[in-house]
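Residues per chain are reported as follows:
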Amino acid sequence: RPLESLAVLPFVNASGSADAEYLSDGIAETLIRSLSQLPGLKVMSRSLVFRYKGREVDPLVVGRELKVQAVVLGRLAQRGDSLSISTELVDARDGRHVWGEQYSRRLADLLAIQEQLAREISEQLRLRLTAGQRRTLGKRHTQSSEAYQEYLKGLYFLYKLNGPSIRTAIQHFEQAIAKDHTYALAHASLAECYANLIYLGFAPARDLGPKIQAAASQALQLDDTVAEAHTALGIYSAFSEWDWAGAEGQFQRALRLNPSYAVGHIRYSNLLYIVGRFDEAIIEASRAQELDPVSLVGSLVSGYAYYYARQYDQAIEQFRKTVAMDPSFAQAHQGLGEVYLVKAMYPEALAELKALVELSKGSPLSMALLGLGYGRSGDRVAARGLLEKMLAERSRPGYFPAGRIALVYFGLGDKDRTFHWLQKAVEERDSAVYFLKTNPMLDPLRSDPRFTELLRRMNL
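Keep in mind it's a predicted model, so treat the numbers as computed, not measured.

Chemist: Can you help me understand the overall build of the protein chain in this one?
Modeler: Secondary structure assignment for the protein chain yields 22 helices and six strands. Scaling as 2.2 N^0.38, a compact globule of 460 residues should have a C-alpha radius of gyration of about 23 Å, and the protein chain matches this with 23 Å. Dimensions of the protein chain, computed from the C-alpha atoms along their principal axes, are close to 70 × 45 × 40 Å. Considering only contacts in the protein chain between residues 6 or more positions apart, those separated by 24 or more positions represent 60%. Here the protein chain has roughly 19500 Å² of accessible surface; of this, 49% comes from carbon and sulfur atoms. Taken together, the 55 basic and 52 acidic charged side chains of the protein chain have centroids lying 1 Å from each other.

Chemist: What should I look at first to understand unusual backbone geometry in this one?
Modeler: For residues that are not glycine, phi is negative in most cases, and the peptide bond is trans in most cases. The phi dihedral of K67 is positive, around 60°, even though this residue is not glycine. The topology assignment puts K67 in the loop between helix 3 (59-66) and strand 4 (70-79). A positive phi angle, close to 55°, is found at W242, a residue other than glycine. With respect to the element layout, W242 can be found in the loop between helix 10 (227-239) and helix 11 (244-257).

Chemist: Could you clarify how one ought to interpret the pairing of strand 6 (residues 96-106) in this entry?
Modeler: Every other side chain in a regular strand lies on the same face of the sheet, so the side chains alternate between the two faces. Note: strand 5 (residues 82-91) against strand 6, 10 bridges, orientation antiparallel. Among the inter-strand pairings, L89 is bridged to a residue of strand 6, identified as W99. Taking the residues that link successive antiparallel strands as the turn, the strand 5-strand 6 hairpin has four residues, and the phi of G95 there is positive, at about 80°.

Chemist: Would you mind going over helix 11 with me for this structure?
Modeler: Helical geometry: 3.6 residues make up each α-helical turn, so side chains three or four residues apart lie on a common side. Counted at 1.5 Å a residue, the expected span for helix 11 with its 14 residues is 20 Å, and the 20 Å between its end C-alpha atoms agrees. Taken together, the buried positions of helix 11 are W244, A247, E248, Q250, F251, A254 and L255. Buried residues along helix 11 cover an arc of 160° about the axis, so they all sit on one side. Structural note: helix 11 exposes A245 and R256 on the side pointing more than 90 degrees away from its buried face. If you follow the buried residues of helix 11, they end up packed against helix 10, helix 12 (262-275) and helix 13 (278-291).

Chemist: What's the story with the packing of aromatic side chains in this structure? I'm lost.
Modeler: Aromatic ring pairs: the centre-centre distance and the angle between the two ring planes describe each pair. In the structure shown here, the tally under the stated rule is 16 aromatic pairs. Note on F251 and Y268: the rings are 6.4 Å apart at their centroids and 40° apart in plane angle, and the pair reads as tilted. With F251 in helix 11 and Y268 in helix 12, the pair connects residues that are 17 residues apart, well separated along the chain. The exposure classification of F251 matches that of Y268, with both residues buried. Note on Y273 and Y308: the rings are 4.8 Å apart at their centroids and 10° apart in plane angle, and the pair reads as stacked. Note that Y273 is positioned in helix 12 and Y308 in helix 14 (residues 296-308), a separation of 35 residues in sequence. Residue Y273 is classed as buried on the basis of its relative accessible area of 2%. Through pairs of rings, three or more aromatic residues link up here, namely Y273, Y304, Y307, Y308, Y312, F319 and F435. Taking the ring centre of Y159 as reference, the NZ or CZ of R46 above it sits at 3.8 Å.

Chemist: I keep staring at the pairing of strand 1 (residues 5-8) and nothing clicks. Help me out?
Modeler: Side chains of strand 1 alternate between two faces, with S5 and A7 and L6 and V8 buried alike. With two bridges connecting them, strand 1 and strand 3 (residues 42-43) associate as parallel partners. Across the sheet, residue L6 finds its bridge partner in strand 3, namely V43. Here three bridges tie strand 1 to strand 4, and the two strands are oriented parallel to one another. Bridge pairing in strand 4 places V8 opposite V72.

Chemist: What is the right way to look at the pattern of salt bridges in this model?
Modeler: It is possible for side chains bearing opposite charge to pair when their charged atoms get close. All chains considered together, the criterion is met by 25 salt bridges. Taking the shortest distance from any N to any O, the salt bridge between R310 and D443 comes out at 2.9 Å. Separated by 133 residues along the polypeptide, R310 in the loop between helix 14 and helix 15 (312-325) and D443 in the loop between helix 21 (415-428) and helix 22 (449-457) bring together distant segments of the chain. Across the salt bridge formed by R450 and D448, the nearest N and O atoms sit 2.9 Å from each other. Taking relative accessible area as the criterion, R450 reaches 29% and is therefore assigned partly exposed. Through salt bridges with shared partners, a single network forms among E21, D25 and K53.

Chemist: Honestly, the nonpolar core in this entry has me stumped. Any pointers?
Modeler: Side chains of a nonpolar character, in soluble globular proteins, are inclined to be buried together. Counting 166 residues, the largest nonpolar core has L6 and Y151 as its most contacted members. Ranked by the residues each element gives to this core, the list is headed by helix 8 (residues 184-199), at 12 residues. Once residues lying within four places of it in the same chain are set aside, the contact partners of Y151 are F173, A176, Y183, L185, A186 and S189.

What counts, and at which threshold
Residues numbered from 1 in each chain as written. Predicted model: local features only at pLDDT ≥ 70, side-chain atom pairs only at ≥ 80, totals over all residues. Heavy atoms only, no water. Helix = DSSP H or I, 4+ residues; strand = E, 2+ residues; numbered from the N terminus. Rg over C-alpha atoms; globule rule 2.2 N^0.38 Å. Contact = heavy atoms within 4.5 Å. Areas by Shrake-Rupley, 256 points an atom, 1.4 Å probe, with all protein chains shown as cover. Lys, Arg positive; Asp, Glu negative; His and termini not counted. Charge placed at Lys NZ, Arg CZ, Asp CG, Glu CD. Pairing = 2+ DSSP bridges. Expected span 1.5 Å × (residues − 1). Buried < 20%, exposed > 50% of the residue type's maximum accessible area, 1.4 Å probe, protein only. Arc of directions from axis to C-beta. Phe/Tyr/Trp six-rings, centres within 6.5 Å; stacked < 30°, edge-to-face > 60°. Lys NZ or Arg CZ within 6 Å of the ring centre and 35° of its normal. Salt bridge = Lys/Arg side-chain N within 4 Å of Asp/Glu carboxyl O. Core = buried A, V, L, I, M, F, W, Y, C linked by side-chain atoms within 4.5 Å.

Structure (structure tokens):
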């Protein structure tokens, strides 16, 4: 019988150099992407398997922990332009060695090695594939080995999900595109970088929206089946154009192409609770968690789906689970802080928001929420101190989001200045206003006609 579930573990970098880390990670990531497109095969997500990176692993233990029938392990060594790759497939139910191979090739042959690996693993899993499915498995998104290497470097930095690393990823994806203009995945990943910069508050959609549209549209023109490009275009439609129906169509298209795309379910859940469809948002967030149970972002989005649905106890429980998964994950403390603020649990809220400021190294959003917390709890001196720092930052060159300043004025009870800065935030397409329609924090503003006007400008 076929082996129907699989974990591809990160390949061990045996090169003795961190410069080859992108290769050892990238080969595993590309195999995960290729094999996950096969029907009837359940492939564990990147975040699940990368927990084992840098650890000595027993395939039997991995199989038991991840509930998979088979495990792929590998080692990679790079010496100049030479590559040595060894890999094996192990039956995780009894530890039996199913298949193994060693490759000694040039770095320029990396694409051919990758294609051969995917084909041989699928054969050893005894999957019954149609001719079309075999073509999908062997599909090369580029013929340029140099472009592919730049793409892998881009992925390596993109997954770090912080501002400087995402900007480094952009450089590598641009290099990949320079080496092969027809590389759809590189265009799609470039769009994803810009989308993440918007989501994380490093730049406004007003500035980056056109770049998302250009990169995602180019990717889809080259290959309409790239799910990531549809998701990026959905983000553009939502946050640059306020076209919520168009965004939903793109997210749904991405999920039809790849139902196992956990990030796609996360983005769709975001959209659904922005527009107030809370039950559907909770379902999408739960689906993302089923696909990727150890994803911090998936767990976080589940918490926010409950929060926006006004199910505060469930939100607190979910955010606490996220903190337990990784106490250094700043956004989990943010979620707890926001729920505690809405419930007027000020000591608990301030404790979480101070942790957020420390963990995020004083990001604009962390300062804004702490300022809001100080204002709500009655510590106006502390709130105004933070506000002065934020206004000073706003006056300097660079980007400081207007919506963050609005939050502190809101905490201080200054409605006129709150609306002044919210209006600026809408003009900038600042991420602070994406959740304006449904954020429980803003309920005291809803009776003001200016609030209704802001929603009208956002097509909400």
